Amino acid sequence: MGLLSDPVRRRALARLVLRLNAPLCVLSYVAGIAWFLALAFPPLTQRTYMSENAMGSTMVEEQFAGGERARSFARDFAAHRRKSGALPVAWLERTMRSVGLEVYTQSFSRKLPFPDETHERYMVSGINVYGILRAPRAASTESLVLTVPCGPESTNSQAVGLTLALAAHFRGQIYWAKDIIFLVTEHDLLGSEAWLEAYHDVNVTGMQSSPLQGRAGAIQAAVALELSSDVVTSLDVAVEGLNGQLPNLDLLNLFQTFCQKGGLLCTLQGKLQPQDWTSADGPLQGVQTLLLMALQQASGHPHGAHGLFLRYRVEALTLRGVNSFRQYKYDLVAVGKALEGMFRKLNHLLERLHQSFFFYLLPALSRFVSIGLYMPAAGFLLLVLGLKALELWMQLHEAGVGPEEAGGTPGSSPPLPATQRVGLASLVAPLLISQAVGLALYVLPVLGQHVAAQHFPVAEAEAVVLTLLAVYAAGLALPHSTHWVLSTQAPDRSWMALKLVALIYLALQLACITLTNFSLGFLLAATMVPGAALTKPSGPRYVLATLCCPAGADKPSSYAPGRPVPVAAAAGGAALPGRGLAALPGRAGSGRAGAPHLWRPALPAAGTGPLPLLAPLLECSLLEALKAGGNPPRAPRSSLPGK
């Protein structure tokens, strides 16, 4: 408290902050990037472990041996799909009933915002088929889901065949304590979303679907299966869900455990996990996997049907069978045994998965980085915004701390007088305009899509693009609009106060995004922080003369010969006697205790046309010529403001 209450010590602290601010900002930014890259190295990454006691052991004997039956189901499904050109609903119903399931169907339709790229249609309709295996030893209070998404491009026939073979095998077991739902959806994510909305009796996307005739208990976990061949060389797991949401880490650990038990190769982001973490090759490969996961998580797009289950608090992941040129190959029996072991362990759950982590990063399947270890990387980046905001606050409140006192160069930042104050009311309009532009970018494209399609001969996709271009073009007037509300008596303090508020607001927004989706928040911070910290209202003199002078010249009729006109971000200069021309930005002259000014000539009272825009360029060109011939004389003190 003594350091802040003592004016001398406070002045010394301000000088120290201003002197060390730039090196600290650079050091903090480099530390944030380096910390993120170091997450794949053993001091920061940890070995995965099972936290849920009910799934801590893999002492189950997998008995699935229906590989040939699964291939037969897959061939029949592919033949009926080619014959009908759509999902063979009747065949699926008949086959599921033959293996002893309760079979139900659900029809759905969805109007797309844009025409479908393949069939040029707006309305997409389909039918989901699902069968329920009732638990013989428990009431229908809890359930597990094995889903197979079928799209127009990927038939996923092998996954459907394996699912039906597993259903037939599970039907003959008596140890199930949870209902098991075998779901086959049409149109990939559209069908999955329609079924989930109907199952949970909600409608968040405007999907039109029929109500479900059969239900099971509360869904505890789900597995989405995608197979492209009868023979696979590895199983790739996808964990990124909608808006970067991740499943509980124990579910991923369970998959890895049974892959190791069955000798299956399991990959993450298409990469095998490193075997040797003591050398540099293992961590370097972990960095690549970590970057790929960060990019996919930051996209916010669900990388599989499991991503839609996560929004309903259902732990889920997607398993993709990959058939590459690797040496070892596995048939459907090995994949079926891994799925059987996973469902048997999930059958032992006494409550929802909650013991392990929900926020993590994965450099490999056997390694993870918890939230307590990766958050400092984003914290270092956000610290740059805090340091720049502190520097601006010091410059606004510590008057008289010039560049010489702060240890900087004489031309780096001019001293700010203490008599000028910037009211918060002057910052309301720029902030409201910025928020209005963001709201327009969120709302207007949808409105413009409907209005333009009804009244103009343009497509809806073109209408959205044109609306976005119109909003961006209107946003170009934002600097011009904000200049009118900034203080004309203290332009330097006005932009400093505005940037101070903007830095704090940006830091809060990035912090909130980082807490929910670390990858998105970190990538945004890594790209936005340097620009936000270095941005100043300065630049080439001709550009400033064109952009700033007309904005600061309230009206053409307000000019008077020999009177100063304040312009934002322009340093004070001397007027040329008898000419009324503006000096270029430079060092403030004597008697200029107030805001910097530019001296403008008198303009016509009713002037419209190119004169207000051409005058600054002509002045700058003339002054450059005068400067080449010799220094212009200073204006008499009687012509300075306040004299």
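Along every chain, residues carry numbers that run from 1 in the direction the sequence is written. Given that this is a predicted model, residues contribute local features only at a pLDDT of at least 70 and side-chain atom pairs are listed and counted only at 80 or more, while totals for whole chains, interfaces and linings are drawn from all residues. Computation of side-chain values covers all heavy atoms of the structure but excludes hydrogens and water.

## Quick word on the overall build of the protein chain
Counted only if it meets this: Each helix is a run of DSSP H or I of at least 4 residues and each strand a run of E of at least 2, with the numbering of both proceeding from the N terminus. The method behind every accessible area is Shrake-Rupley, applied with a 1.4 Å probe, and residues are considered shielded solely by the protein chains displayed.
Looking only at helices and strands, the protein chain features 19 helices and 15 strands. Entry remark: accessible area of the protein chain is about 30500 Å², with carbon and sulfur atoms responsible for 62%.

## Quick notes on the pairing of strand β12 (residues 360–364)
Stated formally: The cut-offs for exposure are 20% and 50% of the maximum accessible area for each residue type, with area from a 1.4 Å probe on protein chains only; residues under the lower value are buried, those over the upper are exposed, and the others partly exposed. Whether two strands pair depends on DSSP finding at least two bridges between them.
Among the five residues of β12, five are classified as buried, and the element is accordingly described as predominantly covered. Strand direction decides the pairing type here: β12 and strand β13 (residues 367–370), joined by three bridges, are antiparallel. Residue tyrosine 360 lies in a different strand from β13, and its bridge partner there is serine 370. Hairpin connection of β12 to β13: two residues between the antiparallel strands.

## Concerning the sheet that holds strand β4 (residues 142–150)
In space, the 10 strands of this open sheet follow the order β6-β2-β3-β5-β4-β7-β11-β8-β9-β10, with mixed pairing throughout. Each of the sheet's edge strands pairs with one partner strand only, and the pair in question is β6 (208–209) and β10 (271–272). Looking at chain direction, strand β8 (residues 234–238) and strand β9 (residues 266–268) are connected through three bridges and run parallel. Residue pairing in the sheet places aspartate 236 in a bridge with threonine 267 of β9.

## Re the side chain of glutamate 193
We apply this condition: We define a polar contact as two N or O atoms separated by no more than 3.5 Å, with the added condition that, inside protein, one atom must be a possible hydrogen donor and the other a possible acceptor, whereas residues neighbouring each other in sequence contribute only through side-chain atom pairs. In this analysis, two residues are considered to be in contact whenever any of their non-hydrogen atoms come within 4.5 Å of each other.
Examined against the element boundaries, glutamate 193 turns out to sit in helix α6 (residues 189–199). A distance of 3.1 Å separates a polar atom in the side chain of glutamate 193 from a polar atom in the side chain of tyrosine 312. Ignoring sequence-local partners within four residues, the contact set of glutamate 193 consists of Val204, Thr205, Met207, Leu308, Arg311 and Tyr312.

## Describing the confidence of the model for the protein chain
Using the following cut-off: The predictor attaches a confidence to each residue, and that confidence, scored 0 to 100, is pLDDT.
Taken as a whole, the protein chain shows an average pLDDT of 77; of its residues, 73% reach a score of 70 or greater. Throughout residues 399–413 the model reports pLDDT below 50, and contacts reaching past four residues in sequence, or to other chains, amount to 26 contacts. The model gives residues 547–615 a pLDDT under 50, and that stretch makes 137 contacts with residues more than four places away or in other chains.

## Quick word on the packing of helix α8 (residues 281–299) against helix α17 (residues 518–534)
Condition: A fitted line through C-alpha atoms represents every axis, and for helices the fit uses only the stretch in contact; the resulting angles, taken between N-to-C directions, go from 0 to 180 degrees. The scheme is simple: roughly parallel for angles under 35 degrees, roughly antiparallel for over 145, roughly perpendicular for 65 to 115, oblique for anything else. Each residue gets one label: Ala, Val, Leu, Ile, Met, Phe, Trp, Tyr, Cys and Pro are nonpolar, Asp, Glu, Lys and Arg are charged, and the others, such as Gly, are polar.
Look at α8 against α17: their axes get within 7 Å of each other, and the N-to-C directions meet at 100°. Put simply, α8 runs roughly perpendicular to α17. Seen from α8, the contacting residues are Met293, Ala294, Leu295, Gln297 and Ala298; seen from α17, they are Ser519, Leu520 and Leu523. Counted by class, the contact of α8 with α17 contains six nonpolar, two polar and no charged residues.

## Here's the deal with the sheet that holds strand β1 (residues 46–47)
Spatially, the three strands line up as an open sheet ordered β1-β13-β12, and their pairing is antiparallel. Every other strand in the sheet has two partners, leaving β1 and β12 as the edge strands with one partner each.

## Quick notes on the environment of alanine 280
Looking at the element boundaries, alanine 280 is found in the loop between β10 and α8. On the basis of relative accessible area, alanine 280 is assigned to the partly exposed category, the value being 46%.

## What about the environment of leucine 515?
Mapped onto the elements, leucine 515 comes out in helix α16 (residues 491–516). The sequence separation of leucine 515 and alanine 378 amounts to 137 residues, and the corresponding C-alpha distance is 9.8 Å. In this view, leucine 515 contacts Phe359 and Met375; residues no more than four positions away in its chain are not counted.

## What about the pairing of strand β7 (residues 218–227)?
A regular strand places its side chains on the two faces of the sheet in alternate fashion. Across the 10 residues of β7, eight count as buried, placing the element largely inside the fold. Pairing of β4 with β7, which is carried by six bridges, proceeds in the parallel orientation. Note on β7: the bridge partner recorded for leucine 144 is alanine 221. Here β7 pairs with strand β11 (residues 315–322) via seven bridges, running parallel. Paired with leucine 225 across the strands is leucine 319, a residue of β11.

## Remarks on the pattern of salt bridges
Convention followed: For this analysis, a salt bridge means a side-chain nitrogen from Lys or Arg found within 4 Å of a carboxyl oxygen belonging to Asp or Glu.
Scanning all chains against the criterion turns up 10 salt bridges. The partner of glutamate 142 in a salt bridge is lysine 178, and the shortest N-O contact between them spans 3.3 Å. Placement of the pair is glutamate 142 in strand β4 and lysine 178 in the loop between α5 (157–171) and β5 (179–186), with a sequence separation of 36 residues. Salt bridges sharing common partners tie together Glu68, Arg71 and Arg75.

## Some details on the environment of leucine 272
Relative to the helices and strands, leucine 272 resides in strand β10. With relative accessibility at 32%, the residue leucine 272 sits in the partly exposed group. Spatially, the C-alpha atoms of leucine 272 and glycine 286 are 9.8 Å apart, while their sequence positions differ by 14 residues.

## So, helix α2 (residues 7–37)
Quick reminder of the rule: Under the convention used throughout, the expected extent of a helix is 1.5 Å for every residue step, that is, one less than its residue count. A residue's bend is the angle separating two fitted axes: one through the seven residues that end there, the other through the seven that start there.
A rise of 1.5 Å per residue sets the reference length of α2, with its 31 residues, at 45 Å; its end C-alpha atoms lie 43 Å apart and thus fit the reference within 8%. Its maximal kink placed at asparagine 21, α2 deviates by approximately 50°, while the proline proline 23 follows within four residues. Every buried residue belonging to α2 is among Ala14, Val17, Leu18, Asn21, Cys25, Ser28, Gly32 and Phe36, and all of these are buried.

## Comments concerning a nonpolar patch on the surface
Short version of the rule: Excluding any residue in a salt bridge, patches collect residues exceeding 30% relative accessible area, merging like charges within 9 Å and nonpolar Val, Leu, Ile, Met, Phe, Trp and Tyr side chains within 5 Å.
A cluster of nonpolar side chains, Leu439, Tyr442, Val443, Leu444 and Leu447, forms an exposed patch at the surface whose accessible area comes to about 510 Å². Position of leucine 444 relative to the elements: it lies in helix α13 (residues 425–455).

## Here's the deal with the packing of aromatic side chains
The line we're drawing: Only the six-membered ring of Trp is used, alongside the rings of Phe and Tyr, when aromatic pairs are assigned; centres must lie within 6.5 Å, and planes under 30 degrees apart are stacked while those over 60 apart are edge-to-face, with the rest tilted. Consider the ring centre and the ring normal. A charge sits over the ring if Lys NZ or Arg CZ is within 6 Å of that centre and within 35 degrees of that normal.
Per the stated rule, a full pass over the model turns up 15 aromatic pairs. Note on phenylalanine 170 and phenylalanine 182: the rings are 6.2 Å apart at their centroids and 45° apart in plane angle, and the pair reads as tilted. On the criterion of sequence distance, the pair formed by phenylalanine 170 in helix α5 and phenylalanine 182 in strand β5 is long-range, its members being 12 residues apart. Pair check on accessibility: phenylalanine 170 and phenylalanine 182 agree, each one buried. Relative to tyrosine 199, the ring of tryptophan 195 has its centre 4.9 Å away and its plane inclined at 25°; by these criteria the two rings are stacked. Separated by four residues within a single helix, tryptophan 195 and tyrosine 199 lie in helix α6, roughly one turn from each other. You'll find tryptophan 195 and tyrosine 199 in the same group, each marked buried. Among the aromatic residues, those joined into a cluster by ring pairs are Phe170, Tyr175, Trp176, Phe182 and Phe343. In this arrangement the basic side chain of arginine 215 is found over the ring face of tyrosine 199, its NZ or CZ atom lying 5.8 Å from the centre. Between the NZ or CZ atom of arginine 344 and the centre of the ring of tyrosine 175, over which it lies, the distance is 4.4 Å.

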